[in-house]
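Read off the chains here:
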Amino acid sequence: AVLYLAEALMQNEKFDEAATQYARFIELAPDDWRGPAGLASVEIVPTLIDNPTPYEVEAVRIFNSREDDYSSAFGDHRASALIFASSREDALGRDNDRWTGQKHTSLFVSYQDRNGVWGRPVLLDEGPVNTEFNEGAPSVNTSATTMFFTRCLPGTDKDIGCRIFRSSREGANWAAPQEIKLTSDSLVTVGHPAISPDELSLYFVSDMPGSIGTKDIWVARRRAPGDEFGPPENLGPVINTPGNEMFPFVREDGTLYFASDGHPGMGGLDIFMAKRSPDGWEEPVNLGVPINSAGDDFGIVFQAGREQGFF
């Protein structure tokens, strides 16, 4: 209860009060990593607030509904199509998700006209990509010919677990998706795919054995774009924490962006970036204010060659 109070105070930007509760939690549970991590977040908040980055953030009203709208990907090489997940009323399926109370998410797409104006989002399709269950977290290759996404299929008495699927473009439509085989364990969750620009590395999120925290970022590699992916590798303790690392995205230079509630931040999920050196991953950098806030910030994508995108 003390931990949840501290986290709620962080969400309400009452950072000094949150620090008091994190200190209480450390006394009550000295071996729990969340106490020191919470205090570390409180300590860096003033620096993040006092040193905002040059990014400008604004809500794009045409994309957003009363329900959840998140996790986008550019659907063509001109960045004039945006595919994202939404639980809005137009989503397929009649039943509600038992975790969110909202409709199961479907993939939607919005197109930008020649004047740069985004159109009203519509269903990406009514099958074979979208189903009556949850589809989300799309990632499209550079040539916009292949899309990776997450699908979660509930069983009769339990969740089978989320899986990553791949669909190829056939003209204006997407073909029947095929599962990417990354695990044979039906109880393991696999999702949030991010294909690298060279299409040789597939980053994803999982709780599979070997994970450091609740959700870790993993990578599976292949020699050529047409090959199957090899065995998954955990990105290791520089990237992954005992908490949640999710929603990866890889830019043209190989820089990894992801969301985390384990690295010190503003509260909830913050967005981080990490560069790769010959010696491995460098220490992740918090993207700071105004991209990060006391709420959950995640699912960032950048337009190729430009310092702009969506999250």
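Please read all numbers here as calculations on a predicted model, not as lab measurements.

Attention now goes to the environment of Tyr-257. Inspection of the secondary structure assignment puts Tyr-257 in strand β15 (residues 256–260). Sequence separation between Tyr-257 and Met-246 is eleven residues; the distance between their C-alpha atoms is 9.5 Å. Those residues in contact with Tyr-257 that lie beyond four places of it in its chain are Phe-247, Pro-248, Phe-249, Arg-251, Phe-272, Met-273, Leu-287, Ile-300 and Phe-302. At 3.2 Å, the side chain of Tyr-257 forms a polar contact with the side chain of Arg-251.

By secondary structure assignment, the location of Asp-297 is in the loop between β19 (285–286) and β20 (301–302). Reaching out from Asp-297, the side chain makes a polar contact with the backbone nitrogen of Ser-293 at a distance of 2.7 Å.

Inspection of the secondary structure puts Arg-88 in the loop between β2 (81–86) and β3 (106–111). Among the polar contacts made by the side chain of Arg-88, one reaches the main-chain carbonyl oxygen of Phe-63 at a distance of 2.5 Å. Sequence-distant contacts of Arg-88, that is, excluding residues within four places in its chain, are made with Phe-63, Asn-64, Ser-65, Glu-67, Asp-69, Lys-103, Phe-108 and Pro-121.

Evaluation of the coordinates by the stated rule reveals one disulfide. Across the disulfide, Cys-152 is cross-linked to Cys-162 (sulfur-sulfur distance 1.9 Å). Where Cys-152 bonds to Cys-162 through sulfur, the torsion about that S-S bond is close to 100 degrees, and the disulfide is right-handed. A residue pair is termed long-range when its members are at least 10 positions apart, and Cys-152 in strand β6 (residues 146–154) and Cys-162 in strand β7 (residues 159–170) qualify at ten residues. Cys-162 shares its class with Cys-152; the two are buried.

A complete count under the given rule lists nine salt bridges for this structure. With its nearest N and O atoms 3.9 Å apart, the salt bridge here joins Asp-76 to Arg-78. Owing to a relative accessible area of 17%, Asp-76 belongs among the buried residues under this scheme. For Lys-181, the salt bridge is made with Glu-179, and the minimal N-O distance between the two is 3.6 Å. A cluster of three or more residues bridged by salt bridges with shared partners is formed by Arg-163, Glu-179 and Lys-181.

What follows covers the packing of aromatic side chains. Evaluation of the coordinates by the stated rule reveals 14 aromatic pairs. Geometrically, the ring pair formed by Phe-63 and Trp-118 is edge-to-face, given 5.4 Å between the ring centres and 70 degrees between the ring planes. Here the residue Phe-63 occupies a position in the loop between α3 (34–50) and β1 (69–74), and Trp-118 occupies one in the loop between β3 and β4 (122–123), the gap between them amounting to 55 residues. A residue is classified by how much of its surface remains accessible, and Trp-118, at 15% relative accessible area, is buried. Among the aromatic residues, those joined into a cluster by ring pairs are Phe-63, Phe-74, Phe-84, Phe-108, Trp-118 and Phe-310. The cationic tip of Arg-151 hangs over the ring face of Phe-165; the distance from NZ or CZ to the ring centre is 4.8 Å. The ring centre of Phe-302 lies 3.9 Å from the NZ or CZ of Arg-251, which sits over that ring.

What follows deals with the packing of helix α2 (residues 15–28) against α3. At a minimum axis separation of 8 Å, α2 and α3 run at an interaxial angle of 160 degrees. One way to sum up the angle between α2 and α3 is to call them roughly antiparallel. For α2 against α3, the interelement crossing comes out left-handed. Contacts between α2 and α3 involve Phe-15, Ala-18, Ala-19, Tyr-22, Ala-23, Phe-25 and Ile-26 from the first element and Arg-34, Gly-35, Pro-36, Gly-38, Leu-39, Val-42, Val-45 and Ile-49 from the second. Its residues assigned to classes, the contact of α2 with α3 shows twelve nonpolar, two polar and one charged.

Definitions and cut-offs
- Residues numbered from 1 in each chain as written.
- Predicted model: local features only at pLDDT ≥ 70, side-chain atom pairs only at ≥ 80, totals over all residues.
- Heavy atoms only, no water.
- Helix = DSSP H or I, 4+ residues; strand = E, 2+ residues; numbered from the N terminus.
- Contact = heavy atoms within 4.5 Å.
- Polar contact = N/O pair within 3.5 Å; in protein donor to acceptor, adjacent residues only side chain to side chain.
- Disulfide = S-S within 2.5 Å.
- Buried < 20%, exposed > 50% of the residue type's maximum accessible area, 1.4 Å probe, protein only.
- Salt bridge = Lys/Arg side-chain N within 4 Å of Asp/Glu carboxyl O.
- Phe/Tyr/Trp six-rings, centres within 6.5 Å; stacked < 30°, edge-to-face > 60°.
- Lys NZ or Arg CZ within 6 Å of the ring centre and 35° of its normal.
- Axes fitted to C-alpha atoms, helices over the stretch in contact; angles between N-to-C directions.
- Parallel < 35°, antiparallel > 145°, perpendicular 65-115°, else oblique.
- Left-handed = near helix turned anticlockwise from the far one by under 90°.
- Nonpolar A, V, L, I, M, F, W, Y, C, P; charged D, E, K, R; others polar.

Nothing here speaks to function; it is all geometry.
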